[in-house]
Amino acid sequence: MSAEIEIIDPSFADAVRPDSRLERLASPAIWAEGPVWLPDRDVVVFSDVKGNRMFAWSERKGLEIFRQPSNYNNGNTLDRQGRLVSCEHGRRCVSRTEPDGRITVLAEKFDGRRFNSPNDVVVKSDGSVWFTDPPYGIAGDDEGYKSESQIVGCWVYRLEPDGGRLEAAVVDVQRPNGLAFSPDESILYVADMSLVDFPRLGRRQITAYDLPEGGNPVNGRKLADIEPGIPDGFRVDREGRIFTSSDDGIQVVSPAGRLLGKIKVPERVSNCTFAGRNEDTLYITATTSLYRIRLAARGVQYSHLL
Ligand code: MG
């Protein structure tokens, strides 16, 4: 077992391979975030939020510029059709990149008020787009444009597919950031990183909600505190384990909230995504760099496209 892997619960041994090794692929960013895999091109796209650009990395071509400027793009995912769906701090919107390269704004306002700065996004199997809206893109000019918030809170929104309704789905998290569904979509996980803004009362936790079919999330409860650092972004594997960012690497938490193990990364981690035909390679964005590690664990994000 390589030195980067720390097994805390014996069950974590099933998630890694004897030859699992962390590789640093490229270090072009000021703040790397939002990794997403494009299966048809076998490319990992990620944001340099503070560099106002996006990169693409592939085995074949290495590192390339994907979009510059990027409107301070942050989180990314794919929708059910494999189109890139992104959170833009600069335009304070959620956008979609069409197959011909045009970029369509999917949502920019709630009840006539502009979002704060959409941060991270996931798409449910019914096509609804779920995203978080903390203030980090309007708090200063380093990853967006300093502005006043028009909305009293920082919420999680659900946008129904095909121009459908926009709803505030979660309003009891102070600083929502990363989000993900359990493999059967019965649970929604939302990161609350309010500790950064409110050192005495804030949280550094992943909150779990039950998600009734067609309804709003209910029964919010703490799944786990993540430290050192915060749960910025995370992904779920087929066993329901949560692979989350932290300051010392990727931390892996069971569906019951137990810390199973860690993949140590030498830079502060922001987010990750499983990729590859078996979804068994974890790509990790961490401060300046993109890393990867091959695992036994397999993701669920791209199954519908493979
Ligand atoms: Mg984030």
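Everything numeric here is computed off the predicted structure, so don't read it as measured data.

Visitor: Is there a simple way to explain the pattern of salt bridges in this structure?
Guide: Pairs can form between side chains of opposite charge once their charged atoms are near each other. Going through the model one piece at a time under the given rule, you end up with 25 salt bridges. Between Lys-262 and Asp-248 there is a salt bridge; the shortest N-O distance is 2.8 Å. Of the two residues, Lys-262 is situated in strand 24 (residues 259-264) and Asp-248 in the loop between strand 22 (242-244) and strand 23 (249-253); the sequence distance between them amounts to 14 residues. Exposure remark for Lys-262: the relative accessible area of 11% places this residue in the buried category. When salt bridges that share partners are traced, they join Asp-79, Arg-83, Arg-96 and Glu-98 into one network.

Visitor: Would you take a moment to explain the environment of Thr-288 for this structure?
Guide: Relative to the elements of secondary structure, Thr-288 occurs in the loop between strand 26 (281-286) and strand 27 (289-294). Each C-alpha atom of the pair Thr-288 and Phe-181 lies 27 Å from the other, and the pair is 107 residues apart in sequence. Other than its neighbours up to four places away in sequence, Thr-288 contacts Ala-26, Ser-27, Pro-28, Ala-29, Ile-30 and Glu-267. For Thr-288, the side chain forms a polar contact with the side chain of Ser-289, separated by 3.0 Å.

Visitor: How should the coordination of the magnesium ion be read in this particular structure?
Guide: Four donors placed tetrahedrally about a metal ideally form angles of 109.5 degrees, and six donors placed octahedrally ideally form angles of 90 or 180 degrees. Distances from the magnesium ion to its protein donors, namely Glu-33 (OE), Asn-119 (OD1), Asn-177 (OD1) and Asp-232 (OD), fall within the range 2.2 to 2.5 Å. Sequence spacing of the donor residues for the magnesium ion, all on one chain, is E-x85-N-x57-N-x54-D. One end of the pair, Glu-33, is in strand 3 (residues 32-38); the other, Asp-232, is in the loop between strand 20 (218-225) and strand 21 (234-236), and 199 residues separate them in sequence. Judged by its relative accessible area of 1%, Glu-33 falls in the buried class.

Visitor: Please explain the sheet that holds strand 21 as it appears in this structure.
Guide: Whether parallel or antiparallel, the strands of a sheet pair through hydrogen bonds between backbone atoms. Read from one edge of the open sheet, five strands run 1-24-23-22-21, paired in antiparallel fashion. In this open sheet, the two edge strands, each paired with only one partner strand, are strand 1 (5-7) and strand 21. For this sheet, the mean inter-axis angle between neighbouring strands, taken without regard to orientation, is 20°. Where strand 1 lies against strand 24, three bridges are found, and the strand directions are antiparallel. Across the sheet, Glu-6 pairs through a bridge with Lys-262, a residue of strand 24.

Visitor: When you look at the environment of Val-171 in this model, what are you seeing that I'm missing?
Guide: One can find Val-171 in the loop between strand 16 (166-170) and strand 17 (176-181). Residues Val-171 and Ser-47, spaced 124 residues apart in sequence, show a C-alpha to C-alpha distance of 27 Å.

Here is what the cut-offs are and how they apply
- Residues numbered from 1 in each chain as written.
- Predicted model: local features only at pLDDT ≥ 70, side-chain atom pairs only at ≥ 80, totals over all residues.
- Heavy atoms only, no water.
- Salt bridge = Lys/Arg side-chain N within 4 Å of Asp/Glu carboxyl O.
- Helix = DSSP H or I, 4+ residues; strand = E, 2+ residues; numbered from the N terminus.
- Buried < 20%, exposed > 50% of the residue type's maximum accessible area, 1.4 Å probe, protein only.
- Contact = heavy atoms within 4.5 Å.
- Polar contact = N/O pair within 3.5 Å; in protein donor to acceptor, adjacent residues only side chain to side chain.
- Donors = N, O, S within 2.8 Å, 3.2 Å for Na, K, Ca; no water.
- Pairing = 2+ DSSP bridges.
- Axes fitted to C-alpha atoms, helices over the stretch in contact; angles between N-to-C directions.

Honestly, that's just the spatial picture; any functional story needs more than this.
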